Amino acid sequence: MKKMLMPMCLVSLALAQTLVVSAAFAQSSGEADPSQGKAMPSAPTTRAERTEARKERRVEGAAAARGPQIQEGEIRPTTAPKMSRADKRAATSKRRAANREAMKAGQMSRGGSGDAPEKQKKP
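Computed from a predicted model, the values in this text were never measured in an experiment. Residue indices begin from 1 for each chain and proceed along its sequence in written order. Reporting in this predicted model follows two pLDDT cut-offs: at least 70 for local features of residues, and 80 or more for side-chain atom pairs to be given and counted; totals over whole chains, interfaces and linings ignore these cut-offs and use all residues. Values reported for side chains reflect all heavy atoms of the structure, with hydrogen atoms and water molecules removed beforehand.

Asks: So what's going on with the overall build of the protein? Residues and values would help.
Replies: Scanning the protein for helices and strands turns up three helices and zero strands. Burial statistics for the protein: of 123 residues in total, 2% are counted as buried. The Shrake-Rupley method, run with a 1.4 Å probe sphere, supplies the accessible areas, and residue values consider only the shown protein chains as cover. Only carbon and sulfur atoms are counted for the fraction: they give 59% of the accessible area of the protein, which is about 12600 Å². The helix count covers DSSP runs of H or I at least four residues long, the strand count covers runs of E at least two residues long, and both are numbered beginning at the N terminus. Burial status follows relative accessibility: with a 1.4 Å probe on protein chains alone, a residue under 20% of its type maximum counts as buried, one over 50% as exposed, and anything between as partly exposed.

Laid out in structure tokens, this is it:
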């Protein structure tokens, strides 16, 4: 019983100190520092000043609208370049001729894979 009493006392003492310290940090006066609580006062702008500022912004905005936009950057092709129709037809006929010759020579199996029904052994 005495062996359990000492560690329990130490734990409760540490817990009590933690509560006291956290309560001390949480207390404040509740008021903001008057020297840093507000922005520096500035003179209100007049209607003429606002109109002049709008004119300047309008000129800048019009120039930006006429210039290149964000989406209109340099377009990088993500696919192969376009081939002409004649080039496609020539490549297709060349490929078909090569496949035809391979089929005649017996180099290509019918069905194209080892799992084709023709390649399966029948019992």
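Asks: Before we move on, can you summarise the confidence of the model for the protein with the specific residues and values?
Replies: Chain-level pLDDT for the protein is 75 on average; 54% of the residues reach the 70-or-more range. Think of pLDDT as the predictor's per-residue confidence, scored from 0 to 100. Looking across the protein, the model is least confident in helix H1 (residues 2–26), with a mean pLDDT of 61, and most confident in helix H2 (residues 47–66), with 92.

Asks: Help me get a handle on a positive patch on the surface, residues and values and all.
Replies: Residues enter patches when their relative accessible area tops 30% and they take part in no salt bridge; the joining distance is 9 Å for like charges and 5 Å for the nonpolar side chains Val, Leu, Ile, Met, Phe, Trp and Tyr. Whenever Lys or Arg places a side-chain nitrogen within 4 Å of a carboxyl oxygen from Asp or Glu, that contact is recorded as a salt bridge. A residue counts as positive if it is Lys or Arg and as negative if it is Asp or Glu; His and the chain ends are not included. The atoms used to mark charge sites are NZ of Lys, CZ of Arg, CG of Asp and CD of Glu. A cluster of basic residues, Arg-47, Arg-50, Arg-54, Lys-55, Arg-57 and Arg-58, forms a positive patch on the protein surface. Assignment of secondary structure puts Arg-58 in helix H2.

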